[in-house]
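# Examination of the molecular architecture
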Amino acid sequence: MSIESRIVIIGAGHAGGALAAQLREYGHRGPLCVIGDEAHLPYQRPPLSKAVLKGAATIDSLSLKNAGYYQEHDIEVRTGQTVAAIDRDTRHVTLAGGEALPYDYLVLATGARPRQLAVPGAGLDNILALRGIEDAQRLKEALQPGRRLAIVGGGYIGLEVAASARALGLEVTVIEREARLLARVASAPLAEFFERLHQQQGVQIIRNACLSHFEGDTCVTAVHLEDGQRIDCDVALVGVGALPRDELARAAGLHCENGVVVDGDARTSDPAIFAIGDMSWRPLPVYGERMFRLESVPNATEQARQVACAIVGKPRPAAEVPWFWSDQYEVKLQIAGIPFDADRQVVRGDPAQGKFAVYHLRGERVVAVEAASSPLDFIAGKQFILSQAAVSLEKLADMSIKAKEAALVVA
Ligand code: FAD
């Protein structure tokens, strides 16, 4: 570790951009180069499915920092350039154009790419995915009032786009393979709440739906399901998850599982290389030895902080509670923790009122909370997860008692 070290960051996204700023903030003053294959300075992706589609945010407003900031802090950001290979023996990366750049520490922050569908017709025009600014611009252009949008995948991106498209006056159908929406990422009560909300807003939802093929000459005109249903559309969005962009790391022989395996400092199996953000497979000390791949802004910034600390020699940041948010219509969803080993749930508040929380517990300990337009539950739940305090399930469910007062006092 050294504040003079030469650092190369591959990926000028949320994690890479946050790390560059964090390093300078922590006193790193060696050469710092961020290489990104997109044409943009590091930017925020969350508004792409929300404010940008609705026309409430401009592309310029998405940048994490402006060009002047990088100049002032002597951070070289190379946009529009792809790293093609890593040579761990000589500690160089090679750009697609052949240029080689040396490093003392290398940070992989290459994110994830949308999973593609391998069904007939998937290559037709107007079948879109959403990851970057250009995708959002294409989608926005296609989302004209009165058009019919078919969304394949009832996850967060699909549902956020559904909400934005309804606001723009499109007819929207969400096609979900599983028995419920948000099957991998939310509890049944929360999924039911969002299903009702979208239906009230005029979205048609088809669950247990197996995609057969897309129909169209050049442009998509319909989605066909295996049970024979046909959904006519002018535009289709495929939002069926994302895969870690870990191919550089694999080619360089780094240990990879579901993403690049890292430790609590975000260090890979090579001590000179770190990996952060959507492409890393990481531990979360609040959940013991288990490993996770998280796709969220707080995860990207937290791992950026871990690397900055490790490189400049600061103590590792305190264990964090992972969290995530999603905005759909007027509902602000905030989720803290991951309910992988929960054995009971407590619903606090009334989903019909649009403001409630689902607490997930293992015994008397809260392991996760899903809070729909209920920020106090989000805060209380996060605190319970961190403190591992035992709570009273009855008090938690009782709206006349503040959530934070549900902790059991140990005599
Ligand atoms: P990215 O931000 O994707 O950055 C990776 C960068 O590396 C990309 O620019 C990529 O092109 C580049 N790259 C890859 N390979 C190379 C290479 N070989 N050479 C050079 N550059 C390369 N999270 C939330 O918490 N809340 C939300 O509401 C939310 N909404 C979202 C909405 C959308 C539409 C999307 C797409 C994501 C959303 N997310 C949300 C997730 C969040 O944006 C990601 O978790 C976050 O961007 C991850 O940061 P990252 O740096 O790991 O990846």
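Check the entry above for the structure.
Quick caveat, the model's predicted, so the values are computed rather than measured.

Another point: the packing of aromatic side chains. Scanning all chains against the criterion turns up ten aromatic pairs. Measuring from centroid to centroid gives 5.5 Å for Tyr69 and Tyr70, while their planes differ by 85°, and the two rings are edge-to-face. Owing to a relative accessible area of 16%, Tyr69 belongs among the buried residues under this scheme. Judged by relative accessible area, which is 3%, Tyr70 ranks as buried.

Two faces make up the sheet, and in a regular strand the side chains alternate between them. Burial analysis of strand E10 (residues 148–152) places four of its five residues in the buried class, which makes it a mostly covered element. Looking at chain direction, E10 and strand E11 (residues 171–175) are connected through five bridges and run parallel. Note on E11: the bridge partner recorded for Leu149 is Val172.

Spatially, E23-E24-E27-E26-E25 is the arrangement adopted by the five strands of the open sheet, whose pairing is antiparallel. Since the sheet does not close on itself, it has two edges, and those belong to strand E23 (323–328) and strand E25 (344–350), each with one partner. On average, each strand axis in the sheet is tilted by 15° relative to the strand beside it, whichever way the strands run. The strands touched by helix H6 (residues 188–200) are E23, strand E24 (331–337), E25, strand E26 (355–362) and strand E27 (365–372); relative to E24, the strand with the most contacts, the crossing angle is about 165°. On top of the sheet, helix H9 (residues 375–387) reaches E23, E24, E25, E26 and E27; it is set at about 165° to E27, its chief contact.

Below, the discussion takes up the site of the ligand. Near the ligand, the surroundings consist of 34 residues, among which Asp37, Glu38, Lys50, Arg131 and Asp278 are the closest. Within the side chain of Asp278, an N or O atom sits 2.7 Å from an oxygen atom of the ligand. Between the ligand and Ser296 there is a distance of 3.0 Å, counted from an oxygen atom to a backbone nitrogen or oxygen. For the ligand, the protein covers 96% of the area, taking 1000 Å² as the surface of the free molecule. Those elements that provide at least two residues to the shell around the ligand are helix H1 (14–25), helix H5 (156–167), helix H8 (297–312) and E23. Considered class by class, the residues forming the shell around the ligand number 14 nonpolar, eleven polar and nine charged. Split by domain, the residues of the shell around the ligand number at least three in each of domain 1 (7–113 + 243–312) and domain 2 (116–238).

On to the environment of Thr218. Turning to its location among the elements, Thr218 is positioned in the loop between strand E13 (211–216) and strand E14 (220–225). Sequence separation between Thr218 and Ala51 is 167 residues, and the spatial gap between their C-alpha atoms is 30 Å. Once you skip the residues sitting within four places of it in the chain, Thr218 turns out to touch Leu124 and Asp125.

Thresholds, definitions, all that
Residues numbered from 1 in each chain as written. Predicted model: local features only at pLDDT ≥ 70, side-chain atom pairs only at ≥ 80, totals over all residues. Heavy atoms only, no water. Phe/Tyr/Trp six-rings, centres within 6.5 Å; stacked < 30°, edge-to-face > 60°. Buried < 20%, exposed > 50% of the residue type's maximum accessible area, 1.4 Å probe, protein only. Helix = DSSP H or I, 4+ residues; strand = E, 2+ residues; numbered from the N terminus. Pairing = 2+ DSSP bridges. Axes fitted to C-alpha atoms, helices over the stretch in contact; angles between N-to-C directions. Contact = heavy atoms within 4.5 Å. Near = heavy atom within 4 Å. Polar contact = N/O pair within 3.5 Å; in protein donor to acceptor, adjacent residues only side chain to side chain. Areas by Shrake-Rupley, 256 points an atom, 1.4 Å probe, with all protein chains shown as cover. Nonpolar A, V, L, I, M, F, W, Y, C, P; charged D, E, K, R; others polar. Domains from an automatic or database assignment.

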